[in-house]
Amino acid sequence: MEISGEDFHSKVRRACPAVRGIALSDLVDDFQRHGRFGDYLAYSFNAFLVQEYGEGPFAAFYRAAGQDTCAVKMEEIFGLKPETIEQRWKTFLCGAS
């Protein structure tokens, strides 16, 4: 998927040092605090979930998770702690730290 003619993973990868310093919980609380880049982060993370865990589990997560229940539902549906999924996403984007 693309935004403005560029894959959103690519947009996020160009900012890998900054991405490592942004916590997934910050995006859940308010992805707009990062401006337009927050959109790219959110799109990239969602696409990663679909790619890694499938459309069905992602759809179940999207339906079930609210701002206050995101971490709980992520662990229930994907079977991993949010921190683990976050690290896998950041490694996918930026390589091992």
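Throughout this document, residue positions are counted from 1 along each chain, in the order its sequence is written. Local features in this predicted model are restricted to residues of pLDDT 70 or higher, and side-chain atom pairs are both shown and tallied only at a pLDDT of 80 or more, whereas totals for entire chains, interfaces and linings draw on every residue. Side-chain measures were taken over the full set of non-hydrogen atoms in the model, leaving aside hydrogen atoms and water.

Novice: If you had to explain the packing of helix α5 (residues 55-64) against helix α6 (residues 70-78) to someone new, which residues and values would you point to?
Specialist: The description of two packed helices rests on the angle between their axes and on the distance between the axes. Think of each axis as a best-fit line through the C-alpha atoms, taken over the contacting stretch in the case of a helix, with angles from 0 to 180 degrees between the N-to-C directions. Helix and strand labels come from DSSP, where a helix needs a run of H or I of at least four residues and a strand needs a run of E of at least two; each type is numbered from the N terminus. Interhelical geometry of α5 versus α6 gives an angle of 155° and a closest axis separation of 10 Å. With respect to their mutual orientation, α5 and α6 come out roughly antiparallel. Two packed elements cross with a definite hand, and for α5 against α6 that hand is right-handed. Judged by residue contacts, P57, F58, A60, F61 and A64 of α5 engage C70, K73, M74, I77 and F78 from α6. Of the residues in the contact of α5 with α6, the class split is 9 nonpolar, no polar and 1 charged. Every angle not falling under 35 degrees, over 145, or within 65 to 115 is termed oblique; those three ranges are roughly parallel, roughly antiparallel and roughly perpendicular. In this scheme the handedness of a crossing depends on how the near helix is turned from the far one: anticlockwise by less than a right angle means left-handed, clockwise means right-handed. Note on definitions: a residue-residue contact is assigned when non-hydrogen atoms from the two residues lie within 4.5 Å. Amino acid classes used here: Ala, Val, Leu, Ile, Met, Phe, Trp, Tyr, Cys and Pro are nonpolar; Asp, Glu, Lys and Arg are charged; the rest, including Gly, are polar.

Novice: Would you mind going over the packing of aromatic side chains in detail, with residue names and values included?
Specialist: The description of an aromatic ring pair rests on the distance of the ring centres and on the angle between the ring planes. Note on aromatic contacts: the rings of Phe and Tyr and the six-membered ring of Trp form a pair at centre separations within 6.5 Å, being stacked when their planes are under 30 degrees apart, edge-to-face when over 60 apart, and tilted otherwise. Per the stated rule, a full pass over the model turns up 6 aromatic pairs. When the ring of F48 is compared with that of F92, the centres are 5.4 Å apart and the planes differ by 40°; the resulting orientation is tilted. Residue F48 is located in helix α4 (residues 36-53), and its partner F92 is located in helix α7 (residues 82-94); the two are separated by 44 residues in the primary sequence. By the criterion adopted, a ring carries a charge over it if an Arg CZ or a Lys NZ lies within 6 Å of its centre and within 35 degrees of its normal. Positioned above the aromatic ring of F92 is the side chain of R13, whose terminal nitrogen or guanidinium carbon lies 4.9 Å from the ring centre.

Novice: Tell me what's going on with the nonpolar core, and back it up with residues and numbers.
Specialist: Nonpolar cores were defined as sets of buried Ala, Val, Leu, Ile, Met, Phe, Trp, Tyr and Cys residues, with membership established by side-chain atoms within 4.5 Å. When accessible area is computed with a 1.4 Å probe and restricted to protein chains, residues below 20% of their type maximum are described as buried, those above 50% as exposed, and intermediate ones as partly exposed. Ranked by size, the top nonpolar core spans 19 residues in total, and within it L41, F45, L49, M74, I85 and W89 carry the most contacts. With 5 residues, the top contributor of residues to this core is α4. Not counting residues up to four positions away in its chain, the partners in contact with M74 are L24, F45, F61, G79, L80, P82 and I85.

Geometry only, nothing functional implied.
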